[in-house]
Amino acid sequence: MSDRPLFITGATGALGRRLVRELVETTDRSLILLVRGRGGVSAADRVGKLLGPVVAGQIGSRVELLDGDVTRPGFGLSDADRALLRRRAVEFFHVAALTELNGGRQESEQINVGGTTEALRLAWDLLQEGSLERLFYFSTAYVAGSLRRYDAVEDALNPDPGHANNYEATKYEAERRVRGAMVEGLPVTIFRPSIVVGDSVSGEVTEFNVVYPFFKLYAHGIINLLPARPEDTFNVVPIDFVTAAVRAIAARPDSVGKTYHLVTDRPPTIGTLLTVKEVEFPRMAPITLVDPEEFERVDHDPLVAKIRHFIEPYLGYLRCKLTFDTANTRAALEGSGIPLPETDYRFLTRILQYAVDKNYLLA
Ligand SMILES: NC(=O)c1ccc[n+]([C@@H]2O[C@H](COP(=O)([O-])OP(=O)(O)OC[C@H]3O[C@@H](n4cnc5c(N)ncnc54)[C@H](OP(=O)(O)O)[C@@H]3O)[C@@H](O)[C@H]2O)c1
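Everything numeric here is computed off the predicted structure, so don't read it as measured data.

A. Examining empty space enclosed by the protein more closely. Considering all chains together, one arrives at 3 cavities of 30 Å³ or more under this definition. As a volume, the largest cavity reaches approximately 170 Å³. Around the largest cavity sit 13 residues that line it, and F215, Y218, L273, K277 and I287 are the ones nearest its centre. When residues of the lining of the largest cavity are traced back to their parent elements, those giving at least two are helix 6 (212–219) and helix 8 (270–280). Here the lining of the largest cavity takes 4 residues from helix 6, the largest share from any one element.

In structure tokens:
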């Protein structure tokens, strides 16, 4: 075995945790993780708590931790840490981001645009002065902008996106910079997942982030009007599909220079989601669908204004106006045994049931 150490940011997040655990469990590779200490808890203690004993047990052997912050120049790494990365890192996964859909402009810019700019600088340095061969960048399918109708193509960015929130806008700018570096010769592969939710079999997710807080607003009756039509679709993918596809695509030498939509090609409808809620979780608070155009018209109503304030960042996801080209993803996954995921009635039931079992959603 020749070790090909991986350098990973964002290992403490929902996707990063799962990816790192799978890499530890299914490969012999060494992992170098950029983790920040937070709230007085050291990086090592956070990894122990968040990634579990299998990963924590490898710290100091197969897993090395670098204390850093993606918003700082050079991620705030010491000279010794940079030397270690130059010597060892062969592949670099930049996963870290601010994923809150209602995140503020400044923080979203600092982490998503600034953090990616630092990742690109570091990648060039590791490529030119060290042993880096490839960078894998985690973008989002919603760089295309969720507000306007658009057929999103994998190997291009929407020239005229309608972004619904700072997350989409800053991930767009970050991907634009990554694509620029790609043109200049940096060997990059870009992943664009849609909305990542729980495991396809168990519903499990380590972090109830991104769309889960939106589910909560309705399940708990904080909001009851939903401006959508039953036939509207929303694109969600199970987390195990994303990590399996990432590992399979990353292993292919021909994925350099390409972008991959990690999405479902049969997204569920709002009607199916509401049926799941009514049949499987009858004790969740009731939801009333309102015609989206009607909802726009009654802007002056204080209740509607309040609801809009809460749900505005999410609206584009509920009434998905985007279609996603998956030619690259299909070609890369052909024969891998990893199909594009089913996101049907049973799947929606599973992910909601897991959130209920963990007391995140009341039912
Ligand atoms: N989840 C989705 O639905 C989804 C969909 C499409 C694309 N993506 C993309 O996939 C990636 C991972 O998403 P996720 O859901 O795993 O996100 P997440 O759960 O919110 O985790 C974010 C990660 O980024 C790290 N991070 C944030 N700011 C940092 C900083 N200043 N310095 C160092 N690390 C920092 C966090 O570290 P701390 O623990 O220290 O805060 C955490 O590990 C992101 O690039 C996201 O845009 C996610």
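There's more to say after this.
B. Expanded view of the packing of helix 3 (residues 79–88) against helix 4 (residues 105–129). At their nearest, the axes of helix 3 and helix 4 sit 8 Å apart, and the two run at 60° to each other. The orientation of helix 3 with respect to helix 4, classified from their angle, is oblique. Crossing handedness for the pair helix 3 and helix 4: right-handed. Contacts from R82, L85 and R86 of helix 3 reach helix 4 at L122, D125, L126 and E129. A per-class count over the contact of helix 3 with helix 4 returns 3 nonpolar, no polar and 4 charged.

C. Seen up close, the site of the ligand. Near the ligand you find 28 residues, and of these T12, R38, R46, T99 and Y167 are the closest. One nitrogen or oxygen atom from the main chain of G13 is found 2.9 Å from an oxygen atom belonging to the ligand. Between the ligand and L15 there is a distance of 2.8 Å, counted from an oxygen atom to a backbone nitrogen or oxygen. Notes on the ligand: free accessible area 890 Å², of which the protein chains cover 93%. A majority-of-atoms criterion places the ligand in the largest pocket. Every element with two or more residues in the shell around the ligand is listed here: helix 1 (14–26), helix 5 (166–183) and strand 8 (195–197).

D. Examining the layout of surface pockets more closely. Reported here for the largest pocket is a volume of approximately 1,200 Å³. Lining the largest pocket we find 48 residues, and of these G13, A97, L98, T99 and N209 sit closest to its centre. Contributing elements (two or more residues each) for the lining of the largest pocket: helix 1, strand 2 (31–35), helix 2 (43–56), helix 4, helix 5 and strand 8. At 4 residues, the largest contribution of residues to the lining of the largest pocket is made by helix 1. Here the lining of the largest pocket is composed, by residue class, of 26 nonpolar, 13 polar and 9 charged. What lines the second largest pocket is a set of 19 residues, among which R149, T233, R319, C320 and K321 lie closest to the centre.

E. The sheet that holds strand 7 (residues 188–193), seen in detail. Read across the open sheet, the 7 strands follow the order 3-2-1-4-5-7-11; overall the sheet is parallel. Looking at strand neighbours, the two that pair on one side only are strand 3 (63–67) and strand 11 (259–262), the edges of this open sheet. Mean inter-strand twist for the sheet, computed between neighbouring axes without regard to direction, equals 20°. Where strand 4 (residues 91–94) lies against strand 5 (residues 134–138), 4 bridges are found, and the strand directions are parallel. Of the residues in strand 5, the one forming a bridge with F92 is L135. Running at roughly 175° to strand 4, helix 4 makes contact with strand 1 (6–9), strand 4 and strand 5 of the sheet.

Parameters at a glance
- Residues numbered from 1 in each chain as written.
- Predicted model: local features only at pLDDT ≥ 70, side-chain atom pairs only at ≥ 80, totals over all residues.
- Heavy atoms only, no water.
- 1 Å grid on protein atoms, 1.4 Å probe; cavity = no way out; pocket = protein on both sides within 12 Å on 5 of 7 lines; lining within 4 Å.
- Points joined across faces, edges and corners; volume = space filled by probe spheres on them.
- Helix = DSSP H or I, 4+ residues; strand = E, 2+ residues; numbered from the N terminus.
- Axes fitted to C-alpha atoms, helices over the stretch in contact; angles between N-to-C directions.
- Parallel < 35°, antiparallel > 145°, perpendicular 65-115°, else oblique.
- Left-handed = near helix turned anticlockwise from the far one by under 90°.
- Contact = heavy atoms within 4.5 Å.
- Nonpolar A, V, L, I, M, F, W, Y, C, P; charged D, E, K, R; others polar.
- Near = heavy atom within 4 Å.
- Polar contact = N/O pair within 3.5 Å; in protein donor to acceptor, adjacent residues only side chain to side chain.
- Areas by Shrake-Rupley, 256 points an atom, 1.4 Å probe, with all protein chains shown as cover.
- Sits in = over half its atoms within 2 Å of the grid points.
- Pairing = 2+ DSSP bridges.

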